[in-house]
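The lines below spell out each chain.
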Amino acid sequence: MVVRIRRSAATAVLPLLFFHLLSAFHRPVFSAHGSVVDVVDRLVLLNCCASKFVAWGAHIYEDSQTGDALDLLKRASEMIKVKRHHEAVGLLNAAIEADPNLSEAYQQRATAFLHLCRFEDSGKDYKKFLELKPGTSSVEKDLSKSLQAQDALNSAYSHFDSGDHSKALDYINKIVLVYSSGCLEAKILKVKLLLALKDYSSVISESGFILKEDEDNLEALLVRGRAYYYLSDHDVALRHYQKGLRLDPEHSELKKAYFGLKNLLKKTKSAEDNAAKGKLRVAVEDFKAALALDPNHTAHNVHLHLGLCKVLVKLGRGKDAIDSCTEVLNIDEELVEALVQRGEAKLLTEDWDGAVEDLKIAAQKSPQDMNIREALMRAEKSLKLSKRKDWYKILGVSKTSSIAEIKRAYKKLALQWHPDKNVDNREEAEAKFQEIAAAYEVLGDDEKRVRYDRGEDLDEGTGMGGGGFNPFGGGGQQFTFHFEGGFPGGGFPGGFGFNF
């Protein structure tokens, strides 16, 4: 407005001055008392004064233009100080239009362009300034910074595309945003890099600054929503996606993120509901389907893997349950419930040592939990039982075999491994015969057998010492076994007879 007023004033002054000049000399050219010389003198004087007035008017116009440009330049400088670079560019455009040779306007506009990462425009203005004021070292340095920032941004994109996110982030932080602090393009690329590096807290912080300046920035809404998503804060993620879609309902990336999250939540709920209802096999398939949707969503998948592990334990599928719980612990090794469930799964696969190890760690992390202590006691008992001799296995019978079946198995094995019948491998036969007799001593006695089945400690001696042990009882056919020098450890000196 200032420019227009001053131009109008200058334009109006010139005609008025010229009119006043003409009025002063408005007399008849030829009069009774005048001469031709007087007329000529007046015309010369008129021409001279007119020229001076025109020159003076032009000077007034030029001064008004320069004054306008300097005023705009000053206002633009204030805008740059408060980082309102877009407004500064508008003022500087007007300043340069008013005075195309105002070098400081080119310099300031180049600086504003640099902050906005409009590198080509910045370079042109710096070069224009150097045309007007060659050899200005400070501007030459600024031009170099503009070129460096442009190259660094291109390099950052190249590293981003190749997957070297840390290197790309270095270019953005150490060069681009140092020289171009207001570069929105670089800021958006930065939050994308932080997301790829899984620094979700920084993504939320940095994208928050962007949205503070432009609350409707779709890229910032999308990336910030994804950060909340990967932190498993799904409600906040949905709100970001929804806001973006209200601004642009056809934004493909926002639509994909929104509907993908809705589907994940639906599958998760279905799996949990079926597990609660006892529909375990259906729940297994639902958990697997939910896990397949986004394998990278570890904050959510840790709960899916744990839910799957629990269901598999209930189904008795120990090996699969171990795999699922191990996935949980790979994500969060401190999760006590996963240790407990994996311990239970290892009990199913008879990995007694592994079960005790997991449950001990869980008990140390949660010493007040009595359920964990009970599970640990069961595991330790199973481990202890696994290390004692399996008398059923030695006799080749099952835990449900009758006493008659046990006795028949014992007689058969005793005859097979009698040392007198195994002269060539007498030492092995004696050890085997002793083990068979010890097994029968426990399983052939109802009371000892019950205690053994309960896991209680028993005197696991052979019962074959001293006063002569007749495992077959009396009656029936007589068998005589000769032990020269007696049986190792005492008993059966010389020979003895068994009645069948």
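Just so you know, these numbers come straight off a predicted model, no measurement behind them.

Draft legend 1. Region of interest: the overall build of the chain. When helices and strands are tallied, the chain shows 22 helices and 2 strands. Considering the chain as a whole, with its 500 residues, one finds that 39% of them fall into the buried category. Contacts in the chain between residues at least 24 apart in sequence constitute 52% of all its contacts with a sequence separation of at least 6. Working note: accessible area of the chain is about 28,300 Å², and carbon and sulfur atoms make up 52% of it.

Draft legend 2. Examining the UniProt feature "repeat: TPR" (unreviewed entry) in the chain more closely. Feature annotation in UniProt places "repeat: TPR" (unreviewed entry) on residues 218-251, given in this structure's numbering. In the segment residues 218-251, helix accounts for 79% and strand for 0%; the C-alpha atoms at its two ends are 9 Å apart.

Draft legend 3. Representation of helix α16 (residues 336-348). Taking 1.5 Å per residue as the helical rise, α16 with its 13 residues ought to reach 18 Å, and the 19 Å between its terminal C-alpha atoms agrees with that figure. The element α16 is largely enclosed, with a buried count of 11 among its 13 residues. For α16, every residue scored as buried is listed here: Val-336, Ala-338, Leu-339, Val-340, Gln-341, Arg-342, Gly-343, Glu-344, Ala-345, Lys-346 and Leu-347. Following α16 by one or two positions, Glu-350 has its phi on the positive side, about 60°.

Draft legend 4. Fine view of helix α22 (residues 446-453). Sitting at the amino-terminal end of α22 is Asp-445, which places a side-chain oxygen 3.0 Å from the backbone nitrogen of Glu-447. Positioned one or two residues after α22, Gly-455 has a phi angle of 90°, which is positive.

Draft legend 5. Seen up close, the packing of helix α7 (residues 165-179) against helix α8 (residues 184-196). Taken N-terminus to C-terminus, the directions of α7 and α8 make an angle of 150°; their axes are 10 Å apart at the nearest point. Taken together, α7 and α8 sit at an angle that is classed as roughly antiparallel. Both α7 and α8 take part in a crossing whose hand is left-handed. Two secondary-structure elements touch here, α7 through His-165, Ala-168, Leu-169, Ile-172, Asn-173, Val-176 and Leu-177 and α8 through Ala-186, Lys-187, Leu-189, Lys-190, Leu-193, Leu-194 and Ala-196. Residues belonging to the contact of α7 with α8 are distributed by class as follows: 10 nonpolar, 2 polar and 2 charged.

Draft legend 6. Geometry of the pattern of salt bridges. Enumeration according to the criterion identifies 26 salt bridges in this entry. Among the ionic pairs, Lys-174 bridges to Asp-170, the shortest N-O distance being 4.0 Å. With Lys-174 and Asp-170 both in helix α7 and 4 residues apart, the pair spans about one turn of that helix. Judged by its relative accessible area of 34%, Asp-170 is partly exposed.

Draft legend 7. Here's a closer look at the environment of Ala-98. If you trace the backbone, Ala-98 turns up in helix α3 (residues 85-98). A residue is classified by how much of its surface remains accessible, and Ala-98, at 12% relative accessible area, is buried. Between the C-alpha atom of Ala-98 and that of Leu-72, which follows or precedes it by 26 residues, the distance is 9.3 Å.

Reading the values: the criteria
- Residues numbered from 1 in each chain as written.
- Predicted model: local features only at pLDDT ≥ 70, side-chain atom pairs only at ≥ 80, totals over all residues.
- Heavy atoms only, no water.
- Helix = DSSP H or I, 4+ residues; strand = E, 2+ residues; numbered from the N terminus.
- Buried < 20%, exposed > 50% of the residue type's maximum accessible area, 1.4 Å probe, protein only.
- Contact = heavy atoms within 4.5 Å.
- Areas by Shrake-Rupley, 256 points an atom, 1.4 Å probe, with all protein chains shown as cover.
- UniProt positions renumbered as here; feature names shortened; annotations may be inferred.
- Expected span 1.5 Å × (residues − 1).
- Polar contact = N/O pair within 3.5 Å; in protein donor to acceptor, adjacent residues only side chain to side chain.
- Axes fitted to C-alpha atoms, helices over the stretch in contact; angles between N-to-C directions.
- Parallel < 35°, antiparallel > 145°, perpendicular 65-115°, else oblique.
- Left-handed = near helix turned anticlockwise from the far one by under 90°.
- Nonpolar A, V, L, I, M, F, W, Y, C, P; charged D, E, K, R; others polar.
- Salt bridge = Lys/Arg side-chain N within 4 Å of Asp/Glu carboxyl O.

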